[in-house]
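Examining the three-dimensional arrangement
Residue-level listing of the chains:
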Amino acid sequence: MPRIESHILIKTNRAVAIAIARDNEAFPEFMDDVQSITTLTRSDDTKTVTSEWVAIVPKLKKRITWAEEDVWDTERGTCTFKQVSGDFDEFHGSWTFTEIEPGLTKFDSVLIYRLEIPLVGALINAIILKTMQNNLESTQQAIKKRCEELG
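All of the points below concern the structure found in this document. (Residues numbered from 1 in each chain as written. Predicted model: local features only at pLDDT ≥ 70, side-chain atom pairs only at ≥ 80, totals over all residues. Heavy atoms only, no water.)

A word on the overall build of the chain
Rules: Strands here mean DSSP runs of E at least two residues long; helices mean DSSP runs of H or I at least four residues long; both are numbered from the N terminus. For a compact globule the rule gives 2.2 Å times the number of residues to the power 0.38, and the radius of gyration it is set against comes from C-alpha atoms.
Summing up its helical and strand segments, the chain has three helices and seven strands in all. Starting at the N terminus and ending at the C terminus, the chain contains elements arranged as β-α-α-β-β-β-β-β-β-α. The C-alpha radius of gyration of the chain comes to 15 Å, within 12% of the 15 Å expected for a compact globule of 151 residues. Each of the three principal axes of the chain carries a C-alpha extent, and together these read 50 × 30 × 25 Å.

Given below as structure tokens:
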């Protein structure tokens, strides 16, 4: 199963980065590949959120939908997420926000996924892997840009 890891430095404090990352319903405003995100459930303590995502993968000319559960631990600066239903055969990972120094936050992201499309070969699987890597990095870039604009 493919595992993708990426990190980026953001010129903002950790609390701002976490607040922007937790507001996933705003992602379609600043992420081109995210068509919509709708919150389905939110725990009373707001640490666990289930939301439905619709994303566009232009290279594959495919629309992908899934519902994911995000569990936030803001004290540790982490979010673990997993698909609860949808197009992926498996989809889970984590985000970690670490304040390196005041006003500088490291954003680490790990994604493990499996997306099986019948009758595709190694070339298409390589395209899917590259697309997922690009998506992870563009998500981080978009959150970085939003943090640095607003933070």
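And the narrative resumes.
Structural notes on the side chain of Ser 109
Applicable threshold: We call two N or O atoms a polar contact when they sit within 3.5 Å, provided that within protein one can donate a hydrogen and the other can accept it, with sequence-adjacent residues counted only if both atoms are side-chain atoms. In what follows, a contact means two residues having at least one pair of non-hydrogen atoms within 4.5 Å.
Its place among the elements puts Ser 109 in strand β7 (residues 104-114). At a separation of 3.1 Å, a polar atom in the side chain of Ser 109 contacts the side chain of Trp 95. Apart from the residues lying within four places of it in its own chain, the contact partners of Ser 109 are Ile 4, Glu 5, Ser 6, Ser 94, Trp 95, Leu 136 and Gln 140.

Thoughts on the packing of aromatic side chains
Note the threshold: Here the aromatic set is Phe, Tyr and Trp, taking the six-membered ring for Trp, and pairing holds for ring centres within 6.5 Å; pairs whose planes are under 30 degrees apart are stacked, those over 60 apart are edge-to-face, and all others are tilted. Relative accessible area decides the class of each residue, using a 1.4 Å probe on protein chains only: under 20% of the type maximum gives buried, over 50% gives exposed, and in between gives partly exposed.
On inspection of all chains with the given rule, the structure shows 13 aromatic pairs. Aromatic pair Phe 81 and Phe 91: ring centres 5.8 Å apart, planes at 45°, arrangement tilted. With Phe 81 in strand β5 (residues 78-86) and Phe 91 in strand β6 (residues 90-101), the pair connects residues that are 10 residues apart, well separated along the chain. Here Phe 81 matches Phe 91 in class, with each residue buried. Among the aromatic residues, ring-to-ring pairing joins Phe 27, Phe 30, Trp 53, Trp 66, Trp 72, Phe 81, Phe 88, Phe 91, Trp 95, Phe 97 and Phe 107 into one connected group.

Considering the side chain of Gln 140
Along the polypeptide, Gln 140 turns up in helix α3 (residues 122-150). Owing to a relative accessible area of 2%, Gln 140 belongs among the buried residues under this scheme. Those residues in contact with Gln 140, other than ones at most four positions away along the chain, are Ser 6, His 7, Ile 8, Phe 107, Asp 108 and Ser 109.

Some thoughts on the state of the cysteines
For clarity, the cut-off: Sulfur atoms of two cysteines make up a disulfide when they are within 2.5 Å.
A full pass over the atoms with the stated rule returns zero disulfides. With no disulfide partner, Cys 79 has as its closest neighbouring cysteine sulfur the one in Cys 147, 14 Å distant. Classification of Cys 79 as buried rests on a relative accessible area of 2%. Accessibility expressed as a relative area gives 0% for Cys 147, which makes it buried.

Focus on the nonpolar core
Here is the rule we go by: To define a nonpolar core, start from buried Ala, Val, Leu, Ile, Met, Phe, Trp, Tyr and Cys residues and group those joined through side-chain atoms within 4.5 Å.
The biggest cluster of nonpolar side chains holds 35 residues, and the ones touching the most others in it are Phe 27, Trp 95 and Ile 143. When residues in this core are grouped by element, the largest group, six residues, is from α3.

Comments concerning the pattern of salt bridges
The line we're drawing: A pair is scored as a salt bridge if a Lys or Arg side-chain nitrogen falls within 4 Å of a carboxyl oxygen belonging to Asp or Glu.
A complete count under the given rule lists seven salt bridges for this structure. With a closest N to O distance of 3.1 Å, Arg 146 and Glu 29 form a salt bridge. Of the two residues, Arg 146 sits in helix α3 while Glu 29 sits in helix α2 (residues 27-30), which places them 117 residues apart along the sequence. Residue Glu 29 is classed as exposed on the basis of its relative accessible area, which comes to 62%. Two residues, Asp 108 and Lys 106, come together in a salt bridge whose shortest N-O distance is 3.6 Å. Residue class for Lys 106 comes out partly exposed when judged on its relative accessible area of 26%.

Topic: the environment of Thr 12
Tracing the backbone through its elements, the reader meets Thr 12 in the loop between β1 (3-10) and α1 (14-22). Between the C-alpha atoms of Thr 12 and Thr 50, which are 38 residues apart in sequence, the distance is 27 Å.

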